Amino acid sequence: MPEVKKILMVDDDAEDRMLMQDMFTEIGAPDVACYADSGETALNYLEDLPDDELPSVILLDLNMPRLNGTQVLKILKQNEKLKDITVIIYSTSVNIIEKEQSLKLGAHSYVIKPSSYNGCIEKAKYFNSLCQEEESN
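Residues numbered from 1 in each chain as written. Predicted model: local features only at pLDDT ≥ 70, side-chain atom pairs only at ≥ 80, totals over all residues. Heavy atoms only, no water.

Asks: Help me understand helix 2 (residues 39-48) in this model?
Replies: The α-helix advances 3.6 residues per turn, and as a result positions three or four apart in sequence lie on the same side. The complete set of buried residues in helix 2 reads Gly39, Ala42, Leu43 and Leu46. Looking straight down helix 2, one finds that the buried residues subtend no more than 95° of arc, so they occupy a single side. Turned more than 90 degrees away from the buried face of helix 2, the exposed residues are Asn44 and Asp48. Buried-residue contacts for helix 2 involve strand 1 (7-10), strand 2 (33-36), strand 3 (57-60) and helix 3 (69-78). (Buried < 20%, exposed > 50% of the residue type's maximum accessible area, 1.4 Å probe, protein only. Helix = DSSP H or I, 4+ residues; strand = E, 2+ residues; numbered from the N terminus. Arc of directions from axis to C-beta. Contact = heavy atoms within 4.5 Å.)

In structure tokens:
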């Protein structure tokens, strides 16, 4: 049986996905996450997973083509199978309206992508610890 991934990162930017993968490796959790390059890909992936293999945490970028992060968040929270997954908006946007809207729609939190190496490491540690908390609940 394949190892269940605890985090799903949804981001259309290949560099951001690769950076997060590197950060998880750096903190000793190289296999904790899987990655989707669009909202559509993420939703299809999640729908095909058995309930016991769903991730604990979804890191969701806002600014994506076709289905943006806000649209994906709405779909996730309206889906009986997926609505209880912790969703963290992980974006470069510092727009307070987007933040408030995301939280109102059910996002757990709104995290701005860091611009420094140490900031990236800290975020990876936070995301990894959060999924460990979710697993124990």
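Asks: How do you make sense of the sheet that holds strand 2 when you look at a structure like this?
Replies: Neighbouring strands of a sheet are bound in pairs by backbone hydrogen bonds; such pairs are parallel or else antiparallel. Taken together, the five strands give an open sheet; going across it, the order is 2-1-3-4-5, and neighbouring strands pair in parallel fashion. In the strand order of this sheet, the two ends are held by strand 2 and strand 5 (109-112), each with one partner. Taking each pair of neighbouring strands and ignoring which way they run, the sheet shows an average axis angle of 25°. Sheet analysis places strand 1 next to strand 2, joined by four bridges and oriented parallel. When the sheet's bridge partners are listed, Ile7 is paired in strand 2 with Ala33. In this fold helix 4 (residues 96-104) packs onto strand 4 (86-91) and strand 5, with an angle of close to 145° to the strand it touches most, strand 5. (Pairing = 2+ DSSP bridges. Axes fitted to C-alpha atoms, helices over the stretch in contact; angles between N-to-C directions.)

Asks: Just to check I follow, could you spell out unusual backbone geometry for this structure?
Replies: Outside of glycine, negative phi angles account for most residues, and trans bonds account for most peptide bonds. One non-glycine residue, Arg66, lies in the positive phi region at around 60°. Within the secondary structure, Arg66 is located in the loop between strand 3 and helix 3. With a relative accessible area of 63%, Arg66 lands in the exposed category.

Asks: Sorry if this is basic, but what is going on with the nonpolar core here?
Replies: The tendency in soluble globular proteins is for nonpolar side chains to be buried side by side. With 23 residues, the main nonpolar core has Leu8, Val10, Leu46, Ile58, Leu60, Leu76 and Ile89 as its most contacted residues. For this core, the secondary-structure elements that each account for two or more residues are strand 1, strand 2, helix 2, strand 3, helix 3 and strand 4. The residues contacting Ile89, other than those within four sequence positions of it, are Leu60, Leu62, Leu73, Ser102, Ala107, Ser109, Tyr110 and Val111. Among the nonpolar cores identified, the runner-up in size contains 19 residues, and Ile7, Phe24, Val57 and Ile121 belong to it. (Core = buried A, V, L, I, M, F, W, Y, C linked by side-chain atoms within 4.5 Å.)

Asks: What is the right way to read the packing of aromatic side chains from this model?
Replies: The relation between two aromatic rings is expressed through the spacing of the ring centres and the mutual angle of the planes. One pass over the structure, following the stated rule, counts two aromatic pairs. Plain terms: the ring middles of Tyr90 and Phe127 are 5.1 Å apart, the flat faces sit at 90° to each other, and that makes the pair edge-to-face. Placement of Tyr90 in strand 4 and of Phe127 in helix 5 (residues 117-136) is noted, with a sequence separation of 37 residues between them. Residue classification places Phe127 among the buried positions, given a relative accessible area of 0%. Considering the side-chain rings of Tyr126 and Phe127, the 5.6 Å spacing of their centres and the 55° angle between planes classify their relative orientation as tilted. Judged by its relative accessible area of 32%, Tyr126 falls in the partly exposed class. What links up through ring pairs into an aromatic cluster is the set Tyr90, Tyr126 and Phe127. (Phe/Tyr/Trp six-rings, centres within 6.5 Å; stacked < 30°, edge-to-face > 60°.)

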